[in-house]
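Each chain, letter by letter, is given below.
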Amino acid sequence: MVVLSNNDGCIVARSAEAKALGISMAIPIFKNWDLVRRHRIKVLSSNYVLYGDMSRRVMSILAQLAPRIEVYSIDEAFLGCEGIPQDQLSDFGRQIRSAVARMTGIPVSVGIAATKTLAKVANHFAKREPERKGVLLLDDPELIRSYLDRIPLEKVWGIGRRKAEFFRRNHIDNVLQLVAADDRWIKQHLTVMSLRTAWELRGISCIPLEAIPPKRKGIGTSRSFGRDVRDLADLKEAVAAYTSRAAEKLRCQGLAAGHIHVFIATDAFKDEPFYANAAGIGLDPPSAATPFLCSQAIRLLKRIFRPGLVYKRAGIMLMELTGADKVQSDLFVPVYHQSRQQRLMETVDRYNRTTNTGKLFWAAEGMGKPWYMRQAYKTKRYTTRWDELPVARA
DNA sequence: TCTGGGGTCCTAGGACCC
DNA sequence: TCTGGGGTCCTAGGACCC
């Protein structure tokens, strides 16, 4: 089985069987259709509603078991192990693994070590070495060395392809050599980011656990189109729909935006000349009202739209975020907080949260949405919609 | 024919201030 | 011949993460 990115573009997840058949990560599906048909590989669109719900379930189990939790991404969390005796850490890992499996059916792997970076190394091997049964504690210096000796540079958290290349050009071919490298040299050539990585690999914590998520700096929504978009009218609909989505995320976190940015682009893979442009404007006072944000977004779109082109992608970014209730009052302009606009938005959001059928949306988003992304192989939202519950057959 | 989306952080360089 | 020192803010670009 393989799972595709948005717009059914690239392969972004593969089952063990698909990996064994030589299907590589992040390859466009159209380059793999032969293999897919030959081996009857199941192809699925991604289903973010389902993933989001399962993620929340897993994270809430972890939050009950661990003293502290930092939810790092949809499928990863760092847990603080304060107060758990050293000789019980492996047991704690096994307990996490079995609780999550029992309550969600999802297999997880657990890496335990003195720093986040080393815990990620431990996890890397917990996942891959069957004899570890999904749990690996890295506390012994010799054990740590033996694993650092075996993990490829680019698999270390914070070292990507470019940095690994740079290290190799400079005769650092292995993580142990990086650990032994000179601090000044690392800082000079690769900034403090890599210096932190090196220290973390030596067991000195430089990246603290963040139990309270830091304030968001920007909220964006962008999509590739499911088919050619040439008309300003279609682009306006798409930009309005993306703005509406981003504004929902904004209000969900109680924020207002002080800046809005719109961008559009043609297909970079096509032979035709590539056009991409962006425009932004400050919003004073900051707002979280969809109609206002949409009107601003469409004004910006008109500034960058060039007729006669085939557009492939558009997006909007909301920035300079502040708490909606922290916005400075204005003598001449009504602010969003406690306005009729806000009451309207809250009513719309509440309706859309509590109803299962249909959705209240702005007419500017359009009805047909011909530009909407492809999702030809979508599974059901099994856990969040009454009408899409899994069916058990006798 | 068909190639994802949403983020963060750091640095260098420019423009400006006194 | 010789042209200061100490700051801030902003942006673009690059690298990384999932």
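Worth saying up front: this structure is predicted, and the values here are computed from it rather than measured.

Visitor: Just to check I follow, could you spell out the protein's contact with DNA strand C for this structure?
Guide: Around DNA strand C, a shell composed of 13 residues is seen, among which Ser 73, Asp 75, Lys 120, Gly 158 and Lys 163 lie nearest. Each atom of DNA strand C within 4 Å of the protein was classed as base or backbone; sugar and phosphate made up 100%. Between DNA strand C and Gly 158, the relevant distance is 3.0 Å, taken from a phosphate oxygen to a main-chain nitrogen or oxygen of the residue. Top element by residues in the surface near DNA strand C is helix H7 (residues 161-169). It accounts for 3 residues. Tallied by class, the residues present in the surface near DNA strand C amount to 4 nonpolar, 3 polar and 6 charged.

Visitor: Looking at this structure, I do not really get the pairing of strand E9 (residues 255-266). What am I missing?
Guide: The two faces of a sheet get side chains in turn, since along a regular strand they alternate between them. Counting buried positions over the 12 residues of E9 gives 10, a clear majority of the element. Note: E9 against strand E10 (residues 276-287), 8 bridges, orientation antiparallel. From the neighbouring strand, Ala 265 faces E10, where its bridge partner is Ala 276.

Visitor: Would you explain the packing of aromatic side chains in this entry?
Guide: For any two aromatic rings, the description comes down to two numbers: the centre-to-centre distance and the angle of the planes. Tallied over the entire structure, the rule returns 11 aromatic pairs. Summarising the aromatic geometry, the rings of Tyr 72 and Trp 157 are spaced 5.6 Å apart at their centres and angled 85° between planes, so their arrangement reads as edge-to-face. Residue Tyr 72 is found in strand E4 (residues 68-73), and its partner Trp 157 is found in the loop between helix H6 (141-150) and H7; the two are separated by 85 residues along the sequence. Between Tyr 275 and Tyr 311, the ring centres sit 6.5 Å apart and the planes meet at 75°, which makes this aromatic pair edge-to-face. Separated by 36 residues along the polypeptide, Tyr 275 in the loop between E9 and E10 and Tyr 311 in strand E11 (residues 311-323) bring together distant segments of the chain. Here Tyr 275 falls in the buried class, since its relative accessible area comes to 15%. A residue is classified by how much of its surface remains accessible, and Tyr 311, at 1% relative accessible area, is buried. One aromatic cluster is present, formed by Tyr 72, Phe 78 and Trp 157 through successive ring pairs. The residue whose ring lies beneath Lys 116 is Phe 78, and the NZ or CZ to ring-centre distance is 4.7 Å. Between the NZ or CZ atom of Lys 369 and the centre of the ring of Phe 361, over which it lies, the distance is 4.7 Å.

Visitor: Would you take a moment to explain the nonpolar core for this structure?
Guide: Within soluble globular proteins, side chains that are nonpolar generally end up buried alongside one another. Among the nonpolar cores identified, the biggest contains 39 residues, and Phe 225, Leu 235, Leu 250 and Leu 318 are the most heavily contacted of them. For this core, the elements supplying multiple residues, two or more each, are strand E8 (218-229), helix H10 (232-252), E9, E10, helix H11 (290-304) and E11. Of the residues forming this core, the biggest block, 8 residues, is contributed by H10. With near-sequence residues (within four places) excluded, Leu 318 lies in contact with Lys 217, Gly 218, Ile 219, Ala 246, Ala 247, Leu 250, Ala 257, His 259, Ile 260 and Leu 293.

Thresholds, definitions, all that
Residues numbered from 1 in each chain as written. Chains lettered and ligands numbered in written order. Predicted model: local features only at pLDDT ≥ 70, side-chain atom pairs only at ≥ 80, totals over all residues. Heavy atoms only, no water. Near = heavy atom within 4 Å. Polar contact = N/O pair within 3.5 Å; in protein donor to acceptor, adjacent residues only side chain to side chain. Helix = DSSP H or I, 4+ residues; strand = E, 2+ residues; numbered from the N terminus. Nonpolar A, V, L, I, M, F, W, Y, C, P; charged D, E, K, R; others polar. Buried < 20%, exposed > 50% of the residue type's maximum accessible area, 1.4 Å probe, protein only. Pairing = 2+ DSSP bridges. Phe/Tyr/Trp six-rings, centres within 6.5 Å; stacked < 30°, edge-to-face > 60°. Lys NZ or Arg CZ within 6 Å of the ring centre and 35° of its normal. Core = buried A, V, L, I, M, F, W, Y, C linked by side-chain atoms within 4.5 Å. Contact = heavy atoms within 4.5 Å.

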